[in-house]
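Descriptive analysis of the structure
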Amino acid sequence: MSDTNWFHGTTVISIRRGGRVAMAADGQVTLGSTVVKKSAVKLRPMRGNAVIAGFAGSTADAMTLFDKFEAKLEEFRGNLTRAAVELGKDWRTDKILRRLEALLIVSDSEHTFIISGAGDVIEPEDGIAAIGSGGPYALSAAKMLLRHTEMDARTIAENAIKAASEICIYTNDKISILELA
């Protein structure tokens, strides 16, 4: 696929602090080297706002994965761990799903997972997960803010995306945020 047909980047981060979970994402969508949208929504509440999910990658693929994950959540009565593992298995083994190009972060009040098409279901040790082209920048900023400030999860998530937007050309500062108490 040529670079002009490839959708690049995003930044999504999930932070846990003080019994709260916040997930934030930027709004930029690019096609090749052109910004085609500045205010895309890359987060979705699920299961009556008990779960939040975010994506990085192809939008159409991510919407398919959101739907599949939401079905798994229903199938396993809201058990986030089981739903994540089962989606990871299906994503890796299904002929159609394994072609999807996206990553997901899913969080509930107890767990956060990064789910990939390779069958990876990763729960970060420190309660911070970040994906997308600006993910490493946001992750680094969030780790330092957690260590050296008393900011709440929402404020850390927002500032981490802002920091990534200053470095990553595929990330902007049009931030959407979802929270769980």
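About the criteria used
- Every chain is numbered independently, its residues counted from 1 as its sequence is written.
- For this predicted model, a pLDDT threshold of at least 70 governs which residues receive local features, and a threshold of 80 or more governs which side-chain atom pairs are given and counted, while totals over whole chains, interfaces and linings are taken from all residues.
- Neither water nor hydrogens contribute to the side-chain values; these are computed over all heavy atoms in the structure.
- Pairing between two strands is assigned when DSSP locates at least 2 bridges connecting them.
- Put simply, DSSP H or I for four residues or longer makes a helix, DSSP E for two residues or longer makes a strand, and each gets a number counted from the N terminus.
- The contact rule is simple, with two residues in contact once any of their heavy atoms fall within 4.5 Å.
- For every element, the axis is a line fit to its C-alpha atoms; helices are fit only across the contacting stretch, and the angle between N-to-C directions ranges from 0 to 180 degrees.
- With a 1.4 Å probe rolled over the protein chains alone, any residue whose accessible area is under 20% of its type maximum counts as buried; one over 50% counts as exposed, and the rest are partly exposed.
- Polar contact is defined as a pair of N or O atoms within 3.5 Å, subject to the rule that within protein one atom must be able to donate a hydrogen and the other to accept it, and that residues adjacent in sequence are counted only when both atoms are side-chain atoms.
- Buried Ala, Val, Leu, Ile, Met, Phe, Trp, Tyr and Cys residues form a nonpolar core when they are joined through side-chain atoms within 4.5 Å.
- Any angle that falls under 35 degrees is termed roughly parallel, while one over 145 is termed roughly antiparallel, one within 65 to 115 roughly perpendicular, and all others oblique.
- Rotating anticlockwise by less than a right angle from the far helix to the near helix defines a left-handed crossing, while the corresponding clockwise rotation defines a right-handed one.
- Under the convention adopted here, Pro, Cys and the residues Ala, Val, Leu, Ile, Met, Phe, Trp and Tyr are nonpolar, Asp, Glu, Lys and Arg are charged, and Gly plus all remaining residues are polar.
- Within 6.5 Å between ring centres, the rings of Phe, Tyr and Trp (the latter by its six-membered ring) count as paired, and their orientation is classed by plane angle as stacked under 30 degrees, edge-to-face over 60, tilted in between.

**Structural notes on the sheet that holds strand 7 (residues 51-57)**
The pairing of strands in a sheet happens through backbone hydrogen bonds and is either parallel or antiparallel. An order of 6-7-8-9-10 is seen for the five strands of this open sheet, with the pairing classed as antiparallel. The sheet terminates laterally at strand 6 (43-46) and strand 10 (121-122), the two strands that pair on one side only. Contacting strand 7, strand 8 (102-107), strand 9 (112-115) and strand 10, helix 2 (residues 80-93) runs over the sheet at an angle of about 5° to strand 9.

**Quick look at the pairing of strand 8**
Along strand 8, five of the six residues are buried, which leaves the element largely enclosed by surrounding structure. Of the pairings in the sheet, the one linking strand 7 to strand 8 comprises six bridges and is antiparallel in character. From the neighbouring strand, Gly 54 faces strand 8, where its bridge partner is Ile 105. In this antiparallel pair of consecutive strands, strand 8 and strand 9, the connection spans four residues.

**Some words on the side chain of Asn 172**
In this fold, Asn 172 is placed in the loop between helix 4 (153-165) and strand 12 (176-180). Within the structure, Asn 172 has its side chain in polar contact with the backbone nitrogen of Lys 174 (distance 3.1 Å). In this view, Asn 172 contacts Asp 26, Gly 27, Gln 28, Lys 38, Ile 161 and Ser 165; residues no more than four positions away in its chain are not counted.

**Description of the nonpolar core**
Phe 69 and Ile 115 are the most contacted members of the largest nonpolar core, which totals 21 residues. Leave out the neighbours within four places in its chain, and Phe 69 touches Met 46, Val 51, Leu 80, Ala 83, Ala 84, Leu 87, Val 106 and Ile 115. The next biggest cluster of nonpolar side chains, apart from the first, holds 18 residues, and it includes Ala 138, Ala 142, Leu 146 and Ala 160.

**Focus on the packing of helix 3 (residues 135-148) against helix 4**
It is at 8 Å that the axes of helix 3 and helix 4 come closest, and there the two elements cross at 135°. Judged by the angle between their axes, helix 3 and helix 4 are oblique. As for how helix 3 packs across helix 4, the hand of that crossing is right-handed. Between helix 3 and helix 4, the residues in contact are Tyr 137, Ala 138, Ala 141, Ala 142, Leu 145 and Leu 146 and Ile 156, Asn 159, Ala 160, Ala 163 and Ala 164, respectively. Across the contact of helix 3 with helix 4, the residue classes tally to ten nonpolar, one polar and no charged.

**Examining the packing of aromatic side chains**
What characterises a pair of aromatic rings is the spacing of the ring centres plus the angle enclosed by the ring planes. A full pass over the atoms with the stated rule returns one aromatic pair. Aromatic side chains Phe 55 and Phe 66 sit 5.7 Å apart centroid to centroid with 80° between the ring planes, which places their arrangement in the edge-to-face category. One end of the pair, Phe 55, is in strand 7; the other, Phe 66, is in helix 1 (residues 59-75), with eleven residues separating them in the sequence. Grouping residues by exposure puts Phe 55 and Phe 66 together as buried.

**Digging into unusual backbone geometry**
With a phi close to 50°, Arg 47 is a non-glycine residue in the positive phi region. With respect to the helices and strands, Arg 47 occurs in the loop between strand 6 and strand 7. One non-glycine residue, Arg 77, lies in the positive phi region at around 50°.

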